[in-house]
Each structure stands twice: as C-alpha cells, then as structure tokens.
Amino acid sequence: MNAPREHWSGGLGFTLAAVGSAVGLGNMWRFSYMAAENGGGAFVVLYVVMTLLIGLPVMLAEFTLGRGAARSPIEAIGHYGGSRWKPLGVLFVVTGFTILGYYSVIAGWAVRYAVEGLAFGFPADAGAHFGEISEGWDTVAWHLGFMAITVFVVSGGVRAGIERAAILLMPALGAMIIGLAIYANSLEGAGAGYAYYFQTDFIQILDFDVARDAAGQAFFSLSLGMGTMLTYASYLSREHDLPQEAGLIAISDFGIAVVAGLVIFPLLFALGLETQIMGGETGTLGALFVVLPKAFSSMGAAGPFVGGAFMVALSVAAVTSAMSLLEVVVATAVDGLGWSRPKAAIVSGAAIALLGIPAALDIGILELMDSVGGALFLLVGGFFLALFVGWRVPDPIAEVGGTRRAGLGLWRFLLRWVVPSVLLLMSYFQGQASLELIRKLAG
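This one's a predicted model, so the numbers in the text were calculated from it and none came from an experiment.

### So, the packing of aromatic side chains
Any aromatic ring pair is given by two values, namely how distant the centres are and how the planes are angled relative to each other. Considering all chains together, one arrives at 24 aromatic pairs under this definition. The cationic tip of R416 hangs over the ring face of W391; the distance from NZ or CZ to the ring centre is 4.1 Å.

Structure (structure tokens):
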C-alpha cells in the first residue's frame, strides 16, 4: 500500500519550486538572445501575447489535472480520460526522462565552468576549451555527478527535498542575477549593450518566424508539455488559487529572463565582443559556453569572480529544473509501481544517467535528443493536453475551483481552438527540423 501523498507546506514552496522548474539553462540565455535577434521590443510584445494565448492556458490545464487527480501524469490522465488517454501521460514521462538525459550533460558543463572558473579562471581560447570539455569521458563524469546531486535532492521528498532546495536556491539565484546586473551596469560601454538588447523594430511583429520563436519560447520556458507542472500541482491542496499561481510563475519566469539579459549584453558590449553574437553565428550553446567565458577571461582579476558567479547561477537554475524533470519520473514510479521514493529516485536517476552517456560522448546526439525530446515531444504533448482538457474533461472550469470564474470561459475556448492550432503548426516545423538532424547524423 502506498504511503500518504505528500503536500507542499504552503504556497511559497510550490511557487518557488515551479518557478525553479521554469527557469533553466535555456531560459537564462535563450530569452535575451532571441529577443535581441528578433526585433527586441517586438519580440517581447509577441512573447507576452503568446504567453497569454498559449503558455498560461496550458499551465493552468496541467495545474487543474494534477491537483484534481492528486496523482502523477499517467494516473492523472487516466483519472479523467480512462485507459484510452493514458498514452498521453506516458508521453509526458518519456519526455521528462529524455530531456533530463541530455539536460544533465549541459548542466554538467555549467558546473564544470563554475568550478574551474572560480579555481583557475577562464581560458583565453574559450572555443578550443569548449571543444575539449563538451564531449568525452570527462563530460560523462560531470554528467553523472550532476545526476547524483539531482537524485539526492528528489529522494528527500517533496518538502524535505524539493521544497527545501527551492526555498534556498531560488532567492540565491535571484540575488546573484541582480548583483551581476548591477555590476554590468557599472561597466563603461554598458549603454550600447542595453540599446542592442532593447532595440525595437515593431515591423517584425508581422514576421511569422518571429511570432513562431516567441510562441516557442513562451511554451518551452514555462516547462510545459512534459508533466512537470502537473506533477508539482498534484501536491497542492484545494485552497490554492490556480490562475493566480500560474500568473505569478509566468511573471517570475519572465522577470528572471529579462534581468539575465541585463547581465549578458552590457558585459559583452563593454568588452568589445558584440560582433560574436550579432547575427547568431555561434548559436545558443556556443554563445553561452564560448562567447561568455571569453568575456570573463578578458576581465582581468575580476573575471574569475564575475564569471564564476554567473556559472554558479546557471548551475543553480539547472538543479531546480532537473529536480522537476526527475520528479515526473519518480512520482510515476511511486504512484504506478508502489515503489518507495528513495528507490524510485535511485532507479530512475540511474536509468536517466545511462541514457545521457551517448549525449555526453557525442554532441551531435545531444542536439538530436534536444530537437526530438526537448522540442517535438513537448509540442505534441501540449497539443494533445489542450485537446484533452478542452474537449474530454467534462467540466474543467469546475475543476479549477475557487470563487473567481472570470476569464475561465475564454481559457477553455483557447484550449479548444487557439492552443491546438498554434502547437500543431509548430510541431510540423519542429518535426522537419528533427528529420534534418537525423539525416545529418545518418549521413
């Protein structure tokens, strides 16, 4: 017989844990990078619109299913839709399993940069260094070490493990990012970085590619389509206001992403490295692990401290996201197989660690796993989740609960028509990109 289900101690623990799930490595860099490359203010406006049209409706749908069923994804979907819909819950678990397999490799890079930067400084030839550490057996070791940390936290339970870690780590992350933004503001030439970051070309609001990127960022940055928010909400009590929680999480996620850009662009422009990010030649990973370390190495004595602090912040963001990904798999094993939490955390963590070894040995495999698991699976899962809650759940508005019903009719309309349409279109384009990567690896 399963032990009584755990609950968050209060709203703060849940909110910080959910924000921690949303704020990850990609969020810390990808938002500001994409904003700068897609019209600045135009991209931000589209991001906010897409968050309202796509992100928040899907997040509220996950919250509703999780809290209503008080079970992990497979059992929660089965609770409302019967066995015919359980494959959707399986997709969520497979997605979280796959994403964490390669995400922990990238997180291992961040931890390694933090340790090496604080201890020895950053190498002048950052590109060559990244080539050396991005794949190979050393990378496997850092990947396994990061997974061990994640397993340790999640095995402690919802309150003693995940919530305690979130309460400690998220304020620390916020303080580090704000402190680094204040430092970046003091650098000569920072103004040019702000101008580049916040450039506004509103004609790009009409650009389909920019709108697609904004929709993708809104969906991905909020940790949707993989069951993490559903699983976290399954530990919530009925008195929580779900729409309010969703809004607070979205605002916090957006705020941290914006402030991260206030660190990155002033720093790069002040050090004369802006040409290496304009045009997007380096790509997201290249910019994060090549251009930024090059900037830190150019700062002299301050470099190890500033760069080390930034990489520590990245590592903290990675841990809080990894906790939520592992929790999806662990909760499924606890609910569906009756395992104890420590057993589920250790076995699941070990299996995910094994899955990630090929990605640690070959960055091409990592990119493919990201394209398929971290993008395509998310979009497909979000598409079917919207259809499920919009059409299959008898009365989702009643499941939301609370006394404030304003806007919930619009929420159901968005889930039925707008969200599936956008996610289906995005799934098509992402599927094409994934096929191209497969052909590249096969050739």
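### Remarks on the packing of helix α5 (residues 86–120) against helix α15 (residues 341–361)
The interhelical angle for the contact between α5 and α15, taken along N-to-C directions, is 60°, at an axis separation of 8 Å. Here α5 lies oblique to α15, going by the angle between them. By crossing handedness, the relation of α5 to α15 is classed as right-handed. Across the interface between the two elements, F97, T98, L100, G101, Y102 and V105 of α5 pack against S348, A351, I352, L355, G356, A359 and A360 of α15. Looking at the contact of α5 with α15 residue by residue, the classes come out as nine nonpolar, four polar and no charged.

### Focus on helix α9 (residues 190–197)
Those residues of α9 lying buried are A190, G193, Y196 and Y197. For α9, the angular spread of buried residues about the axis comes to 120°, placing them on one side. Among the structural elements, α2 (25–37), α8 (158–185) and α12 (242–270) are those in contact with the buried residues of α9.

### With respect to the layout of surface pockets
Roughly 440 Å³ of internal volume is contained in the second largest pocket. Along the wall of the second largest pocket there are 23 residues; nearest its centre are L60, P243, A406, G407 and L408. Elements with a minimum of two residues in the lining of the second largest pocket: α3 (41–69), α12 and α18 (408–442). Sort the elements by how many residues they give to the lining of the second largest pocket and α3 lands first, with five residues.

### Side note on helix α14 (residues 303–337)
Relative to the 51 Å expected for 35 residues at 1.5 Å per residue, α14 spans 49 Å between its end C-alpha atoms, a close match to the ideal helical length. Along α14, the sharpest change in direction is near 25° and occurs at E327. By the criterion of burial, α14 is predominantly enclosed, with 28 of the 35 residues buried. Note on α14: the residue one or two positions beyond its end, G338, has a positive phi of about 75°.

### Looking at unusual backbone geometry
Peptide bonds are, in most cases, trans, and in most cases residues other than glycine have a negative phi. Although it is not a glycine, A70 sits at a positive phi angle of roughly 55°. The phi dihedral of S223 falls on the positive side, at around 60°, and the residue is not glycine. Positionally, S223 belongs in the loop between α10 (208–221) and α11 (228–233).

### Describing a negative patch on the surface
The grouping of E135, D362, E367 and D370 at the surface amounts to a negative patch. Inspection of the secondary structure assignment puts E367 in helix α16 (residues 363–392). Since its relative accessible area comes to 33%, E367 is described here as partly exposed.

### Remarks on the side chain of H143
Position of H143 among the secondary structure elements: in helix α7 (residues 137–155). H143 gets classed as buried once you look at its relative accessible area, which sits at 0%. A distance of 2.8 Å separates a polar atom in the side chain of H143 from the backbone oxygen of A353. Not counting residues up to four positions away in its chain, the partners in contact with H143 are G101, S104, V105, I352, A353, G356 and I357.

### Points about the pattern of salt bridges
Summed over all chains, the structure comprises nine salt bridges. For D335, the salt bridge goes to R71, with nearest N and O atoms at 3.8 Å. Taken together, the positions of D335 in helix α14 and R71 in the loop between α3 and α4 (73–81) put the pair 264 residues apart, joining distant regions of the chain. Among the residues examined, D335 registers a relative accessible area of 9% and is labelled buried. A salt bridge links R212 to D213; the nearest nitrogen and oxygen atoms lie 3.6 Å apart. Of the residues examined, R212 reaches a relative accessible area of 29% and is grouped as partly exposed.

The rules we used
Residues numbered from 1 in each chain as written. Predicted model: local features only at pLDDT ≥ 70, side-chain atom pairs only at ≥ 80, totals over all residues. Heavy atoms only, no water. Phe/Tyr/Trp six-rings, centres within 6.5 Å; stacked < 30°, edge-to-face > 60°. Lys NZ or Arg CZ within 6 Å of the ring centre and 35° of its normal. Axes fitted to C-alpha atoms, helices over the stretch in contact; angles between N-to-C directions. Helix = DSSP H or I, 4+ residues; strand = E, 2+ residues; numbered from the N terminus. Parallel < 35°, antiparallel > 145°, perpendicular 65-115°, else oblique. Left-handed = near helix turned anticlockwise from the far one by under 90°. Contact = heavy atoms within 4.5 Å. Nonpolar A, V, L, I, M, F, W, Y, C, P; charged D, E, K, R; others polar. Buried < 20%, exposed > 50% of the residue type's maximum accessible area, 1.4 Å probe, protein only. Arc of directions from axis to C-beta. 1 Å grid on protein atoms, 1.4 Å probe; cavity = no way out; pocket = protein on both sides within 12 Å on 5 of 7 lines; lining within 4 Å. Points joined across faces, edges and corners; volume = space filled by probe spheres on them. Expected span 1.5 Å × (residues − 1). Bend = angle between axes of the 7 residues up to and from the residue. Patch = residues over 30% accessible without salt bridge, like charges linked within 9 Å, V, L, I, M, F, W, Y side chains within 5 Å. Areas by Shrake-Rupley, 256 points an atom, 1.4 Å probe, with all protein chains shown as cover. Salt bridge = Lys/Arg side-chain N within 4 Å of Asp/Glu carboxyl O. Lys, Arg positive; Asp, Glu negative; His and termini not counted. Charge placed at Lys NZ, Arg CZ, Asp CG, Glu CD. Polar contact = N/O pair within 3.5 Å; in protein donor to acceptor, adjacent residues only side chain to side chain.

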